[in-house]
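Descriptive analysis of the structure
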Amino acid sequence: MAPQEDNVLVFFVNGKKVEDDQVDPEWTLLFYLRNKLRLCGTKLGCGEGGCGACTVMVSKYDRIKNKIIHLPVNACLAPVCSMHGLAITTIEGIGSTKTKLHPVQERIAKSHGSQCGFCTPGIVMSMYTLLRTSPKPTMKEMEVAFQGNLCRCTGYRPIIEGYKTFTEEWELLQNSNKLNGEQTNGCAMGDQCCKLQNGTGTTDPEEVLFKRSEFTPYDSSQEPIFPPELKISGQYDKQYLVIKGKTVTWYRPTSLEQLLELKKLFPGAKLVVGNTEVGVEVKFKHMVYPVIIQPVLIPEMVDITNTEKGVRVGASATLIDTENHLKNEIKQLPEEKTRIFKTVVEMLNWFAGKQIRSVGALGSNIMTGSPISDMLPILMANEVTLELQSRDNGKREVLLDGNFFTGYRKTIVKPEEILLAIYIPYTNSDRYCYAYKQARRREDDIAIVNAAINVTFEPKTDIISDINLAFGGMSYKTVTAPKTRSKLKGLPWNRTTLELAFTHLQEDLPLDPGAPGGMYVYRRSLTLSLFFRAFLAISQDLEKYIPHIKIDKRDLSGINGFHSKEYKSSQYFTVVPKTQEKTDALQRPVVHASAYKQATGEATYCDDIPFFENELYLAFVTSTKSHAKILSVDTTEALAVEGVHYYVSAKDIDPSCNNIGSIVHDEKVFYDDVVTSQGQIIGGIIAVDQMTAQKAARKVKVEYEDLQPVVVTIPDAIKHNSYLSSVPHKVIARGDIDKVFQTAPHVLEGECHMGGQEHFYLETQGVVVVPKKEDQEMDVYSSTQNPTEVAAMLGHVLGIQLNKIAVKVKRLGGGFGGKESKAMMIAVAAAAAAVKLNRPVRCMLDRDEDMVMTGGRHPFLSKYKVAFDDQGKILGALVKIYCNCGYSFDLSPGVLERAMAHAENSYNLPVARIEGYLCKTNLPSNTAFRGFGGPQGMYAAECMLQDISVFLNKDPVKLSELNLYKEGDSTHYNQKLINCTINKCWKECIESSRYYEKRKEVDKFNKQNRYKKRGLSVIPTKYGISFTVLHLNQAGALILVYTDGSVLLHHGGIEMGQGLYTKMLQVASRSLEIPIEKIHTVETATNTVPNTSPTAASSGSDLNGMAVMQACNIIKERLKPYKEANPKGKWEDWVKKAYFDRVSLSATGYYRTPDIGYNWETGDGNMFNYFTYGVACCEVEIDTLTGDHEVHSVEIVMDLGESLNPAIDIGQIEGAFMQGYGLYVLEELVYSPSGTNYTRGPGTYKLPGFGDIPGEFNVSLLKGVSNPRAVYSSKAVGEPPLFLGSTVLFAIKDAIKAARVENGFDPNDFQLVSPATSARIRVACQDNITAKFKEPEPGTYSPWNVLV
Ligand SMILES: Cc1cc2nc3c(=O)[nH]c(=O)nc-3n(C[C@H](O)[C@H](O)[C@H](O)COP(=O)(O)OP(=O)(O)OC[C@H]3O[C@@H](n4cnc5c(N)ncnc54)[C@H](O)[C@@H]3O)c2cc1C
Ligand code: FES
Ligand code: FES
């Protein structure tokens, strides 16, 4: 009998029941929340489960355990149909500023853990879900909870600081402090606090960025209840759900028979458990699966049970349930029985984030057959048994061995069969299992290579009775090593056997030099290194009972990778004097003005703006070729899709206006003849909604004819003489460099290459264009850092006067320079469509589109020649700087010029010649990115210094000290340094970091450890503040005072998380002498303050702050007579009186930076208004077998003058440092030789995660310093600290040297390209393993990727 079908989807959202019979199975939960329920607090950051911005809590009632289960889930991957009978809690459901904040929301805001706020709801929901499961979690649980969340702004430290107050450890510490009668300074380390340790600190209770005592206590009994209907009745769990959509039908059977019947009926049906694989395939590979079956209610498939021989895991059992079950077994059973379980559990710690593990299944992982699956090597090396079943042929058992996979993601499982269960066996005392994974980032990353080793010895001996090895990342499937297996059987476990294993593993695991994934030497070396790691671990196990096996103490360091660490931090800043008026908010650690709204999901970003009537959506058709002629564009099929309205393209624009660009109009709105990069906009489909528009856009057929050359790399550009401007573009010259080279005692030549960087603002670029009914007026809501430029480009392209275009920006979910010039490209295209159709048009890029279309930080190649004396004092330098601009100018000239101006970092170059070259390539056009070329220029300076240190065999620290600028020195572009505090920062950093003591400790550690090496580095930075384009150094503000005394503040700056609005409110509070609560900022708009400069170059608060101050002073001056007449009166009294006296209560302020303007021809004039200085010291540890690393400590000292807001400024320092660390160490953009960007999302592009923050992270703001050249003696902070992130790379370099010495190689004979990825670190740590693999000769193979 056919089962009774139910077709109405029922679930609960924030306690309210949702019943929907019109659901499309293609919708994700995120789509439903944001578009159907308009709950926009949950954000879309990537759509592939990699950022956590979409985290919600899903709760269900477990009828077997009789308890409610709460899980963190990525709403972007969860199909809405999978929510049937479940309860969802979103950020809106836990608290709001209008009612009451939940402590989880309050604490992240108060601890300054929310900057742009786009990641905040997801982080709040991860923490909230943890608390619902474990009201007093451990630090470890908290660490695990955040594995799937990313933040691009904060550097994570403040989030951890705020949230650790929920933990068990925190409570224990508080209790023990109370018992001992101790006062705490708020630091969890108590008297181990770094401030007390290094003697710099005070326990003044005021000297904290936030007071934990002000946190609302957490009371878990106050949480909303689970929907009673779901608890009382299990009716929804018993329903056979069938939901039919336009192209997909969703089945949720409730019995195995139903499932097998369906599978027979639809052999091509996709089984979906967590949808974490299939969801990504559908979204990014555009796969269509018309029949989806969700087997999550079938007891045989979800249960995990113990059997005589081991554990049976139902194929649909989630990874988290599997982990919990196995952990329990490990606890209960003798150690020797659970060795496979242990490897599975340990591996799961490095498997995705908690959100993915909560829904993804073990069976799905196997059936996906990914060549880099983390579970497959373990299961295959142990040859577990799989139970398969089909309706007609019943059950069969197969071994998961080398024969299971028959091709790429193909298995021996028949179409009508399903995987029912996995049997993981117990081990015995003679069997050992180890498994390892090496990824770019330790947490939540896919493997580069993983390995599992399973050895059984003859009873109580070291003679190998069997050995099975499996590896991922070495082929199109997980592979075993049959030759090694057969050759090693019967041999003893010793170094001779190890060498034999190395030989046979090389044969078992070949790799084509051009194989997808690249990293030929690294991957091959890893296979041996990981085997060696297992060799050591098993030797240690055997040592216990086999007398002749002895493991050298120094070798123990090769056994383990890095694990979680304890976090310590301190923040040191000037506390406002007690005499400062309470109402005066300036220089206090005031919480970000939007933090509470960000923590509750109420803060509105571009795509959260409510739908406008008749609104349409734009999806782009972009170039898939790097250099080609467009032969034809066929939109027939796309336009036939239901819901599609139009195809917008070059035909909709006056051909003379189809050109845009920040400096030079060398880009097109729509490309119609030749494309010069992938990602260029050819046209756009306008449809009723995003899904329709995107589907139709994929149906637009573009025919191309390939053109040559395709220039991708800087050397390519040099070879083809492909430049954007004359060669060189610009030169800075001081003195006669040739003469110096002739006379100097020493001259060295070298070069350094630095890769680019993706902005990865959590909010991708978006725009909503709303044409009005009258006079061509239009409102444009754009996620731009530069509203004036967006308006100007719109005006130019569409022929509309700027006074009719209002570009409005409330806030950005991060910008980092990426939204300075790039916002215009999508805004103009959307506006062209909106004008054409006279309807509002919205567009928000998907993450992959954003990463392919909008460019990033420029890769740089610097070639240098440096002259120096015997001491290492630099006498002169010639630096040729090449930057990879991509296909157009964009802001590249400015980026290059800043790199040239920073090519000395903080070192005096008495004679210099710096040449800059703008390389034109067929890559996306690169653009501004925090630091704007400065970090690339400074990197060249540090590389030069490092080369000198190698040549003279001197500590680079000594050389830095010798060459650092002194007060009164002038730069190579002839700017005299006044109030130069670099030496002060340096001295303080060396002392507070205990550099010289640490150096001894590091040396000692390196002597004691064979396979782990530590390294140290101290790096200064000096960053010039001002736009180098003179006219941009101006700003305006508008102050409106209302008769109730409230003040509305407008200025030209954009809030993108950096706290600009907060600082402006603080400036106004000080200037007007009124409490901050009376002042409000709404948004930045071109119809309130015109002709704004972009919010960039770190100058937002300097320029706008001065303008705000000016406007306030005008108001204050006007109110002065009323204050004098009524000195005891209040602000409101004076305002009211002035109004009745007909005194204007609005004023504009204007500021332009005085005494700047560098003449590039003559070398005269000041390039910068002033400089921000800082120094960082870092200690790292590297794993010389894998290239993995861990940052132990970072100490930063910065001069920020009199900080306007120490909490915001310290947040900027920490965030910039972590972004710089990403740039120099973790984040690698990977391009194919033909210009395809392989790194299009968080899955392939790795930003630093929670687990990457330094173990100890101390930040001090230099005290007793002031800056007469900026608002209220402050200094700009946004970009300057970023370069300090390079200190991690240089510390790694230091550690590599120690590794090379250990292995008998020249410590200095290696190149370390930035970013110093695990692959580059490992290969630089040359040893007997890497020696077995030679980098293939260029020209003998087609490389998979190239260094651009
Ligand atoms: C952000 C992110 C991080 C990730 N990190 C990792 C990682 O670190 N390591 C790793 O190995 N993987 C990782 N993955 C991949 C993925 O999460 C895992 O493979 C997971 O186990 C898939 O489970 P699922 O239930 O969500 O799969 P689904 O998408 O639901 O299904 C996957 C496949 O399995 C098939 N299938 C499921 N059950 C059966 C069955 N019973 N019989 C036959 N076929 C079946 C489906 O038809 C489908 O083809 C990651 C994925 C994402 C999105
Ligand atoms: S949007 Fe879902 S994880 Fe990024
Ligand atoms: S605050 Fe985390 S991404 Fe901006």
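The protein is annotated in an unreviewed UniProt entry as Xanthine dehydrogenase from Zophobas morio. A UniProt comment under Subcellular location (unreviewed entry) is attached to the protein, and it reads "Peroxisome". Entered under Subunit (unreviewed entry) in the UniProt record, the comment concerning the protein runs "Homodimer."

1. Structural notes on the UniProt feature "binding site: [2Fe-2S] cluster 1" (unreviewed entry) in the protein
When the UniProt feature table is mapped onto this chain numbering, "binding site: [2Fe-2S] cluster 1" (unreviewed entry) sits at C46, C51, C54 and C76. Taken together, the annotated residues stretch across 31 residues yet fold into one region, lying no more than 10.1 Å apart by C-alpha. Considering the arrangement of structural elements, one finds C46 in the loop between α1 (29-36) and β4 (55-62). Its relative accessible area of 6% is what places C46 among the buried residues. Mapping C76 onto the fold places it in the loop between β5 (67-74) and β6 (87-89). Excluding anything up to four places from it in sequence, C76 contacts T28, L30, L44, G47, E48, G49 and C54.

2. Regarding the pattern of salt bridges
Taken as a whole and assessed by the stated rule, the structure comprises 75 salt bridges. Between K283 and D846 there is a salt bridge; the shortest N-O distance is 2.6 Å. Taken together, the positions of K283 in helix α10 (residues 278-284) and D846 in the loop between β34 (841-844) and α27 (847-853) put the pair 563 residues apart, joining distant regions of the chain. We classify K283 as partly exposed; its relative accessible area is 28%. On the basis of relative accessible area, D846 is assigned to the buried category, the value being 7%. Its salt-bridge partner being R842, residue D607 comes within 3.2 Å of it at the nearest N-O pair. With a gap of 235 residues between them, D607 in the loop between α20 (595-600) and β23 (616-622) and R842 in strand β34 connect regions that are remote in the sequence. Using a relative accessible area of 2% as the deciding quantity, one classes R842 as buried. If you follow the salt bridges from partner to partner, you end up with R34, K43, D607, D608, E615 and R842 in one network.

3. Considering helix α19 (residues 520-543)
Between its first and last C-alpha, α19 extends 35 Å over 24 residues, near the 34 Å set by a 1.5 Å rise per residue. L526 marks the point of greatest bend in α19, at about 25 degrees. Of all the 24 residues making up α19, 22 are buried; the element is thus mostly covered by neighbouring parts of the structure.

4. Examining the environment of E281
Its location among the elements puts E281 in helix α10. Residues E281 and D634, 353 residues apart in the sequence, show an inter-C-alpha distance of 26 Å. If we skip the residues at most four places from it in the chain, E281 touches K270, H286, M287 and Y289.

5. So, the packing of aromatic side chains
Counted by the stated rule, this structure contains 38 aromatic pairs. A centroid spacing of 5.6 Å and a plane angle of 65 degrees characterise the contact between F11 and Y32, whose relative ring orientation is edge-to-face. Within this pair, whereas F11 is found in strand β2 (residues 9-13), its partner Y32 is found in helix α1, the two being separated by 21 residues in sequence. Accessibility expressed as a relative area gives 4% for Y32, which makes it buried. A centroid spacing of 5.4 Å and a plane angle of 35 degrees characterise the contact between W27 and F31, whose relative ring orientation is tilted. Summarising the burial analysis for this pair, W27 and F31 share the class buried. Members of the aromatic cluster, connected to one another through ring pairs, are Y432, F457, W493, F531, F532, F535 and Y1011. Positioned above the aromatic ring of F741, the side-chain terminus of K865 is 4.6 Å from the ring centre.

6. Side note on the nonpolar core
In terms of nonpolar packing, the biggest core is built from 186 residues, with Y163, I685 and I1196 touching the most fellow members. Sorting elements by how many residues they give to this core places helix α36 (residues 1206-1226) first, with eleven residues. Core analysis: the second largest hydrophobic core is formed by 89 residues, I88, Y289, V313 and A317 among them.

7. Focus on the pairing of strand β22 (residues 568-572)
Regular strands have side chains that alternate between both faces of the sheet. Buried residues dominate β22, accounting for four of its five residues. Inspection of the sheet shows β22 paired to strand β46 (residues 1256-1261) by five bridges, in the parallel sense. Opposite K568, over in β46, you have E1256 as the bridge partner.

8. Considerations on unusual backbone geometry
Looking along the chain, the bond that leaves Q708 and enters P709 is cis, with omega of -5 degrees. Note on placement: P709 falls in the loop between β28 (701-706) and α23 (714-719). Phi at N979 takes a positive value of approximately 55 degrees, unusual for a residue other than glycine. On the secondary structure map, N979 appears in the loop between α30 (956-963) and α31 (982-992). Overall, the relative accessible area of 40% leaves N979 in the partly exposed class. Phi is positive for S1273, which is not a glycine, with a value near 65 degrees. Note that S1273 resides in the loop between β46 and α37 (1286-1302).

9. Considerations on the state of the cysteines
A complete count under the given rule lists zero disulfides for this structure. Its sulfur unpaired, C752 is 3.9 Å from the next cysteine sulfur, which belongs to C943.

10. Notes on the UniProt feature "active site" (unreviewed entry) in the protein
The residues that UniProt annotates with the feature "active site" (unreviewed entry) are E1279. Its place among the elements puts E1279 in the loop between β46 and α37. Here S1098 takes part through its side chain, which lies 2.6 Å from a polar atom of the side chain of E1279.

11. A closer look at the environment of H563
For H563, the location among the structural elements is in the loop between α19 and β22. Considering only alpha carbons, one finds H563 and K238, 325 residues apart in sequence, at a separation of 43 Å. Setting aside residues no more than four positions away along its own chain, H563 makes contact with W350 and E1190.

12. Re the pairing of strand β39 (residues 1034-1041)
Within β39, seven of the eight residues are buried, which leaves it mostly tucked inside the rest of the structure. Here β39 pairs with strand β43 (residues 1146-1152) via seven bridges, running antiparallel. What sits directly across from L1038, in β43, is T1148. The hairpin formed by β39 and strand β40 (residues 1047-1051) contains five residues between the paired strands, and G1045 there has a positive phi angle of roughly 90 degrees.

Procedures and definitions
- Residues numbered from 1 in each chain as written.
- Chains lettered and ligands numbered in written order.
- Predicted model: local features only at pLDDT ≥ 70, side-chain atom pairs only at ≥ 80, totals over all residues.
- Heavy atoms only, no water.
- UniProt positions renumbered as here; feature names shortened; annotations may be inferred.
- Helix = DSSP H or I, 4+ residues; strand = E, 2+ residues; numbered from the N terminus.
- Buried < 20%, exposed > 50% of the residue type's maximum accessible area, 1.4 Å probe, protein only.
- Contact = heavy atoms within 4.5 Å.
- Salt bridge = Lys/Arg side-chain N within 4 Å of Asp/Glu carboxyl O.
- Expected span 1.5 Å × (residues − 1).
- Bend = angle between axes of the 7 residues up to and from the residue.
- Phe/Tyr/Trp six-rings, centres within 6.5 Å; stacked < 30°, edge-to-face > 60°.
- Lys NZ or Arg CZ within 6 Å of the ring centre and 35° of its normal.
- Core = buried A, V, L, I, M, F, W, Y, C linked by side-chain atoms within 4.5 Å.
- Pairing = 2+ DSSP bridges.
- Disulfide = S-S within 2.5 Å.
- Polar contact = N/O pair within 3.5 Å; in protein donor to acceptor, adjacent residues only side chain to side chain.

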